[in-house]
Number of protein chains: 2
Amino acid sequence: MGKTETSFSYHPIGIIHSPFRDTDGMPIQPTGARGVPGTIAVDERYREGLRDLDGFSHLILLYHFHLSRGYSLMVKPFLDDSERGLFATRAPRRPNPIGLSVVRLVRVEGTLLHVEDVDVVDGTPLLDLKPFVPLFDVRQDVKTGWLDGRGENAFHIRADRRFRS
Amino acid sequence: MGKTETSFSYHPIGIIHSPFRDTDGMPIQPTGARGVPGTIAVDERYREGLRDLDGFSHLILLYHFHLSRGYSLMVKPFLDDSERGLFATRAPRRPNPIGLSVVRLVRVEGTLLHVEDVDVVDGTPLLDLKPFVPLFDVRQDVKTGWLDGRGENAFHIRADRRFRS
């Protein structure tokens with residue numbers, strides 16, 4: 001599959017700020033981060049692109065897991081005791097370490113976005129911002145495999161350093 | 001903001017195949033692509049990482065909008081007649097042209113994933129696969145700004161070439 005030899009270069013469009021200086025003790029999903037405040041400092045050059053954003057209550061953040069190094073194809077997720085196939089988990093160490101979180105948009109102040117439900121480390125480079133649109137992003141009758149009955153634990157389980165290098 | 005001068009290099013982990021050879025006439029969201037079949041050919045080297053995926057009914061695909069060139073900070077989306085701030089839209093021409101779609105996983109056949117609700121062009125490079133988990137990814141009481149009352153048009157409006165170069 002020669003096509004997969006290509007590579008793409010992306011750059012941060014801003015920086016996500018949160019109360020979490022490290023992965024240790026951090027919520028593992030926005031589920032466990034309800035109400036946790038953060039800010040997104042979008043680079044000044046993208047100011048105009050933020051117009052109309054304030055009409056949306058939730059944003060999808062795509063970001064680079066900057067503390068993540070390398071990856072394993074089998075991982076023991078925070079929410080399980082067994083090893084699982086990497087792509088059946090949300091673990092940060094991935095071939096392309098791109099993270100995805102849905103956060104609540106509280107207020108837009110110029111290029112500074114005030115958000116809540118932040119589950120990322122302070123200083124995380126933001127790659128993209130999209131409006132969260134239930135009609136596009138929500139599905140019914142969803143099966144969640146090994147996570148079934150375990151996802152709720154994200155309300156209290158906290159991260160540790162297992163996915164650091 | 002010196003930190004945003006960094007750049008990250010990602011590579012395709014597979015290729016998404018769909019019936020759409022071009023953006024012309026393509027559904028603009030999975031909403032308008034219900035039942036459209038596609039396959040994802042994951043690179044052989046990631047085979048082990050696909051374990052446990054078959055327990056999930058829906059996947060989040062992150063991919064590179066490979067036909068997209070450049071971007072404007074104000075865009076006229078397929079679903080509106082007015083220009084909107086780029087980050088308040090899902091338009092493919094973005095500073096980092098990363099696309100996100102939730103698709104239905106029908107069957108895993110080795111490294112070939114049979115999916116439905118595919119709204120991307122054939123040959124799109126896949127960057128990441130994540131399980132769709134309502135507890136993590138779904139929010140209630142969502143406001144959708146300018147898209148309010150317009151999102152439903154994604155059921156019939158089709159794309160054109162406006163976001164090509």
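Residues numbered from 1 in each chain as written. Chains lettered and ligands numbered in written order. Predicted model: local features only at pLDDT ≥ 70, side-chain atom pairs only at ≥ 80, totals over all residues.

Novice: Even after reading the chapter, I still don't get the overall build of chain A, so can you show me in this structure?
Specialist: What chain A contains, in helices and strands, is one helix and nine strands. The linear arrangement of helices and strands in chain A, starting from the amino end, is β-β-β-β-β-β-β-β-β-α. Against the globule reference of 15 Å for 165 residues, chain A gives a C-alpha radius of gyration of 16 Å, in line with a compact fold. By principal-axis analysis of the C-alpha atoms, chain A measures approximately 45 × 40 × 35 Å. A buried classification covers 50% of the 165 residues belonging to chain A. The long-range share in chain A, meaning contacts at least 24 apart out of those at least 6 apart in sequence, stands at 77%. (Helix = DSSP H or I, 4+ residues; strand = E, 2+ residues; numbered from the N terminus. Rg over C-alpha atoms; globule rule 2.2 N^0.38 Å. Buried ≥ 20, exposed ≤ 12 C-beta atoms within 10 Å, placed from the backbone. Contact = placed C-beta atoms within 7 Å.)

Novice: Hey, could you run me through unusual backbone geometry in this one?
Specialist: Across residues other than glycine, the phi torsion is negative in most instances, and most of the peptide bonds are trans. Here Asp141 of chain A, not a glycine, exhibits a phi torsion of approximately 50°, which is positive. Locating Asp141 of chain A in the fold gives a position in the segment after α1 (134-137). Phi angles above zero are rare outside glycine, and Asp117 of chain B is one such case at about 75°. With respect to the secondary-structure elements, Asp117 of chain B resides in the loop between β8 (112-116) and β9 (124-131).

Novice: Any chance you could explain the interface of chain A and chain B here in plain terms?
Specialist: Accessible area lost upon the coming together of the parts serves often as the stated size of an interface. Taken together, the contacts link 69 residues of chain A with 70 residues of chain B. Looking at the side of chain A that touches chain B, the elements with two or more residues in it are β1 (8-10), β2 (14-17), β4 (58-64), β6 (84-85), β7 (98-109), β9 (124-131) and α1 of chain A. Top element by residues in the side of chain A that touches chain B is β9 of chain A. It accounts for six residues. In terms of residue class, the side of chain A that touches chain B is built from 37 nonpolar, 18 polar and 14 charged. (Nonpolar A, V, L, I, M, F, W, Y, C, P; charged D, E, K, R; others polar.)

Novice: What is the right way to read the sheet that holds strand β3 (residues 37-42) of chain B from this model?
Specialist: Sheet strands pair via backbone hydrogen bonds, and the direction of the pair is either parallel or antiparallel. Residues and elements named next belong to chain B. Taken in spatial order, the six strands close into a barrel running β2-β3-β8-β7-β4-β9, and their pairing is antiparallel. Between one strand axis and the next, the sheet turns by 45° as a mean value, whatever way the strands run. Here five bridges tie strand β7 (residues 98-109) to β8, and the two strands are oriented antiparallel to one another. Considered in β8, the bridge of Glu109 is made with Leu112. (Pairing = 2+ DSSP bridges. Axes fitted to C-alpha atoms, helices over the stretch in contact; angles between N-to-C directions.)

Novice: Help me understand the pairing of β3 of chain B, please; the structure alone is not making it clear to me.
Specialist: Across a regular strand the side chains alternate sides, sitting on one face of the sheet and then on the other. Residue and element names in this part refer to chain B. In β3, alternate side chains face the same way, and those of Gly38, Ile40 and Val42 are buried while those of Pro37, Thr39 and Ala41 on the opposite face are not. Pairing of strand β2 (residues 14-17) with β3 involves four bridges; the strand directions are antiparallel. In the sheet register, Gly14 faces β3, and the bridge partner there is Val42. Pairing analysis gives five bridges linking β3 to β8, with the strands arranged antiparallel.

Novice: Even after reading the chapter, I still don't get the environment of His156 of chain A, so can you show me in this structure?
Specialist: With respect to the secondary-structure elements, His156 of chain A resides in the segment after α1. Separated by 20 residues in sequence, His156 of chain A and Phe136 of chain A have C-alpha atoms that sit 29 Å apart.

Novice: What should I look at first to understand the sheet that holds β9 of chain A in this one?
Specialist: With respect to topology, six strands assemble into a closed barrel ordered β2-β3-β8-β7-β4-β9 (chain A), the strand pairing being antiparallel. In this sheet, adjacent strand axes meet at a mean angle of 45° when their direction is disregarded.

Novice: How should I be thinking about the environment of Arg69 of chain B in this particular structure?
Specialist: Structurally, Arg69 of chain B can be placed in the loop between β4 (58-64) and β5 (74-75). A sequence separation of 62 residues divides Arg69 of chain B from Pro131 of chain B, and the C-alpha atoms of the two residues are 29 Å apart.

Novice: Which parts of the structure should I look at to understand the relation of the copies chain A and chain B?
Specialist: The relation between the two chain copies is a rotation about an axis coupled with a shift along that axis. Laying chain A over chain B is done by rotating through 180° and shifting 0.0 Å along the axis; what remains is an RMSD of 0.0 Å. The transformation just described matches what one would write down for a two-fold rotation axis. For chain A, the smallest separation between a C-alpha atom and the rotation axis is recorded for Ser9 of chain A, amounting to 2.3 Å. In this assembly the copies share their binding face: 100% of the residues contributing to the interface of chain A also contribute to that of chain B. (Least-squares fit on C-alpha atoms with pLDDT ≥ 70 in both.)

Novice: Looking at this structure, I do not really get the environment of Val108 of chain A. What am I missing?
Specialist: All names here are of chain A. Of note, Val108 is situated in strand β7. The sequence separation of Val108 and Ser57 amounts to 51 residues, and the corresponding C-alpha distance is 11 Å. Not counting residues up to four positions away in its chain, the partners in contact with Val108 are Leu50, Leu53, Asp54 and Leu113.

Novice: Please clarify how the nonpolar core should be interpreted in this entry.
Specialist: Soluble, globular proteins show a tendency: their nonpolar side chains are buried together. By size, the foremost hydrophobic cluster in this structure holds 92 residues, and its most contacted members are Leu59, Leu61 and Leu126 of chain A together with Leu59, Leu61 and Leu126 of chain B. Not counting residues within four places of it along the chain, the set of residues in contact with Leu59 of chain A comprises Val103, Leu105, Val115, Leu129, Lys130, Pro131 and Phe132 of chain A. (Core = buried A, V, L, I, M, F, W, Y, C linked by C-beta atoms within 7 Å.)

Novice: Explain the confidence of the model for chain A to me, please; I cannot follow it from the model alone.
Specialist: It should be kept in mind that the predicted coordinates are not to be read in detail where pLDDT is low. In this model, chain A carries an average pLDDT of 90, and 95% of its residues clear a pLDDT of 70 or more. Two summary scores accompany this predicted model of the complex, namely pTM at 0.92 and ipTM at 0.92. (pLDDT = per-residue confidence, 0-100.)

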